[in-house]
Amino acid sequence: MATCATRWRADLKQLSFYLSGERPVDQVLPIIMRGAMAKGQRVLVVADDEADLDRLGAAMWNANPAAFVANGKASDGHAARQPILLSTECIAANGAAVIALADGRWREEAEGFERALLFFDDRQRDSVRAIWRRFDDREDVEREYYAVEDGKWVKKA
């Protein structure tokens, strides 16, 4: 299991939880990444499994050919040029201020980013609830919760 680098500081201002439900994350993450690119944001997408990163990357290129999401894996080189960088490590070689944890697993290093997005499915609800509660006393971190409805993200909390 890959881990994130330990070069982080507590800069986190916003923590967003994204429940994909029964749909795989690679079917719903491109929606958010398209929005990030439209705002000119750079994002680091993290997952432990290289195969997951491959699926996510392909989905962003192919989900909507008219509005593809340019991305690349850190292991393929040219990381600094990628607007959406896919990696097994929490190192924003592309200068991202936003981190998307695409495998439902929280990483302490995510607190070094301005915004963290935690994508999870129905099987991970209990572990993610514990992460939500962990931030109950953090007035410096705004939390949001979204779920997919009819192919669109809907804010629930």
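Computed from a prediction, not measured in an experiment: that's the story for all the values here.

### Focus: the overall build of the protein chain
The number of helices and strands found in the protein chain is three helices and eight strands. If you list the helices and strands of the protein chain from N to C, you get β-α-β-α-β-β-β-β-α-β-β. Within the protein chain, residue pairs in contact and separated by at least 24 positions form 66% of the contacts whose partners lie at least 6 positions apart. Accessible surface computed for the protein chain: about 8000 Å², of which carbon and sulfur atoms make up 48%. Here the protein chain carries 23 positive and 26 negative side-chain charges, and the mean point of each set is 4 Å from the other.

### Quick look at the sheet that holds strand β3 (residues 71-73)
Spatial ordering of the open sheet is given by β3-β4-β2-β5-β6-β1-β7-β8, a layout of eight strands whose pairing is mixed. Among the strands making up the open sheet, the edge pair consists of β3 and β8 (152-155). Adjacent strand axes in the sheet meet at a mean angle of 25°, parallel and antiparallel pairs treated alike. Sheet topology places β3 next to strand β4 (residues 84-87); three bridges connect them, and they run parallel. When the bridges of β4 are listed, Lys73 appears paired with Leu86. Of the strands in this sheet, β1 (14-19), β6 (115-120) and β7 (142-149) touch helix α3 (residues 125-134), which is tilted by about 155° from β7.

### Notes on the packing of helix α1 (residues 25-38) against helix α2 (residues 50-62)
With their axes 9 Å apart at the nearest point, α1 and α2 run at an angle of 55° to one another. Judged by the angle between their axes, α1 and α2 are oblique. The element α1 and its partner α2 pack so that their crossing is right-handed. Between α1, through Val25, Asp26, Leu29, Pro30 and Met33, and α2, the contact on the second element is made entirely by Arg55, Leu56, Ala59 and Met60. Partitioning the contact of α1 with α2 into residue classes produces seven nonpolar, no polar and two charged.

### Considerations on the packing of aromatic side chains
With the rule as written, the count across this model stands at seven aromatic pairs. Judged by centre distance (5.0 Å) and plane angle (55°), the ring pair of Phe17 and Trp132 falls under tilted. Placement of Phe17 in strand β1 and of Trp132 in helix α3 is noted, with a sequence separation of 115 residues between them. Exposure remark for Phe17: the relative accessible area of 1% places this residue in the buried category. Seen from their ring centres, Phe119 and Trp153 are 6.0 Å apart, and the 70° between their planes marks the pair as edge-to-face. Of the two residues, Phe119 is situated in strand β6 and Trp153 in strand β8; the sequence distance between them amounts to 34 residues.

Criteria and thresholds
- Residues numbered from 1 in each chain as written.
- Predicted model: local features only at pLDDT ≥ 70, side-chain atom pairs only at ≥ 80, totals over all residues.
- Heavy atoms only, no water.
- Helix = DSSP H or I, 4+ residues; strand = E, 2+ residues; numbered from the N terminus.
- Contact = heavy atoms within 4.5 Å.
- Areas by Shrake-Rupley, 256 points an atom, 1.4 Å probe, with all protein chains shown as cover.
- Lys, Arg positive; Asp, Glu negative; His and termini not counted.
- Charge placed at Lys NZ, Arg CZ, Asp CG, Glu CD.
- Pairing = 2+ DSSP bridges.
- Axes fitted to C-alpha atoms, helices over the stretch in contact; angles between N-to-C directions.
- Parallel < 35°, antiparallel > 145°, perpendicular 65-115°, else oblique.
- Left-handed = near helix turned anticlockwise from the far one by under 90°.
- Nonpolar A, V, L, I, M, F, W, Y, C, P; charged D, E, K, R; others polar.
- Phe/Tyr/Trp six-rings, centres within 6.5 Å; stacked < 30°, edge-to-face > 60°.
- Buried < 20%, exposed > 50% of the residue type's maximum accessible area, 1.4 Å probe, protein only.

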